[in-house]
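# An overview of the molecular structure
Chain by chain, the residues:
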Amino acid sequence: MKQAKIAAIDVDAQRTFTPLCPDELPVPEGDTIGPALNEQATLADVRVLTKDAHPANAIWVVDDPADMLQPLPHKNADLTWVQHAVPGTKGFETIDALPAVTEYHYVVWKGIEPDLHPYGACFHDIEEKLSTGLIEWLHSQDVETVIVGGLATDYCVKTTAIQLKKRGRFDVVVNLAACRGINAKTVSSACDEMLAVGIKLVDSQLALSCL
Ligand code: VGL
């Protein structure tokens, strides 16, 4: 019989989402989650990294942060954001304490196309028609349980976790000790949305290791 495996997923744990990049999308304390991501990975058989990798001239880019979060008439780039996570810049780099990219078992680069700004790591598009291969790869590794951490709780962590649960049918645990969010209100509704689809939320390594 095949051994059911566990995967740990580090979602967008990049400097662009930390106070180290104040002109991008700084998430309070986003730079502090490296040790918690490493700890959760000790419980897993395979480790996955996802990274935003956006072109500087993407259609959703606005210069002024005051113009952010405006709806756009595009199915796969729904909101305006300031430029962030451009390959070759500091913001693209992973946060301190994480292993080199080549140490991961699988890596997903998200939002490379200028007219696609996905949040989840399982699909290149918001419409969820074009797979990144993540779900298929996890199935090929006999993964049944997925532990998710990263940035930001209320956007890419939430969407990735929900895709893994609904489209991959994995047991999904979001480790809030290894996540930080953009906004307390949207973090709270993200938690409600995740619980509503059967995702488990834990808030410490101890709780994670007791599951
Ligand atoms: C994210 C907002 C915009 C995230 C990415 O990684 O959570 N949030 N782009």
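Residues numbered from 1 in each chain as written. Predicted model: local features only at pLDDT ≥ 70, side-chain atom pairs only at ≥ 80, totals over all residues. Heavy atoms only, no water.

For the bond running from Leu 151 to Ala 152, omega is -15°, close enough to zero to count as cis. Inspection of the secondary structure assignment puts Ala 152 in the loop between strand S6 (143-151) and helix H3 (153-166). One non-glycine residue with positive phi stands out, namely Leu 69, at about 65°. Following the sequence through the fold, Leu 69 ends up in the loop between strand S3 (61-62) and strand S4 (81-82). (Helix = DSSP H or I, 4+ residues; strand = E, 2+ residues; numbered from the N terminus.)

What follows is about the site of the ligand. Inspection of the region around the ligand gives Asp 12, Phe 17, Leu 25, Asp 52, Trp 81, His 84, His 117, Leu 151, Ala 152, Tyr 155 and Cys 156 as its neighbouring residues. At a separation of 3.3 Å, an oxygen atom of the ligand approaches a polar backbone atom of Leu 151. Within the backbone of Ala 152, one N or O atom sits 2.9 Å away from an oxygen atom of the ligand. Protein chains shield 100% of the accessible area of the ligand, which is 260 Å² for the free molecule. When the residues that make up the shell around the ligand are grouped by side-chain class, the tally is 7 nonpolar, 2 polar and 2 charged. (Near = heavy atom within 4 Å. Polar contact = N/O pair within 3.5 Å; in protein donor to acceptor, adjacent residues only side chain to side chain. Areas by Shrake-Rupley, 256 points an atom, 1.4 Å probe, with all protein chains shown as cover. Nonpolar A, V, L, I, M, F, W, Y, C, P; charged D, E, K, R; others polar.)

Roughly 160 Å³ of internal volume is contained in the largest pocket. Around the largest pocket, the lining residues are Ile 6, Leu 43, Thr 145, Ile 147, Asp 171, Val 173, Lys 200, Leu 208 and Leu 211. Counting only elements with at least two residues in the lining of the largest pocket, the list comes to S6 and strand S7 (171-180). (1 Å grid on protein atoms, 1.4 Å probe; cavity = no way out; pocket = protein on both sides within 12 Å on 5 of 7 lines; lining within 4 Å. Points joined across faces, edges and corners; volume = space filled by probe spheres on them.)

Taken in spatial order, the 6 strands line up as S5-S2-S1-S6-S7-S8 in an open sheet, and their pairing is parallel. If you trace the sheet from one side to the other, it starts and ends with strand S5 (106-110) and strand S8 (200-202), each paired once. Sheet twist, expressed as the mean angle between neighbouring strand axes with direction ignored, is 20°. Helix H1 (residues 34-41) rests against strand S1 (5-11), strand S2 (46-52), S6 and S7 of the sheet, and its axis sits at about 155° to S7. (Pairing = 2+ DSSP bridges. Axes fitted to C-alpha atoms, helices over the stretch in contact; angles between N-to-C directions. Contact = heavy atoms within 4.5 Å.)

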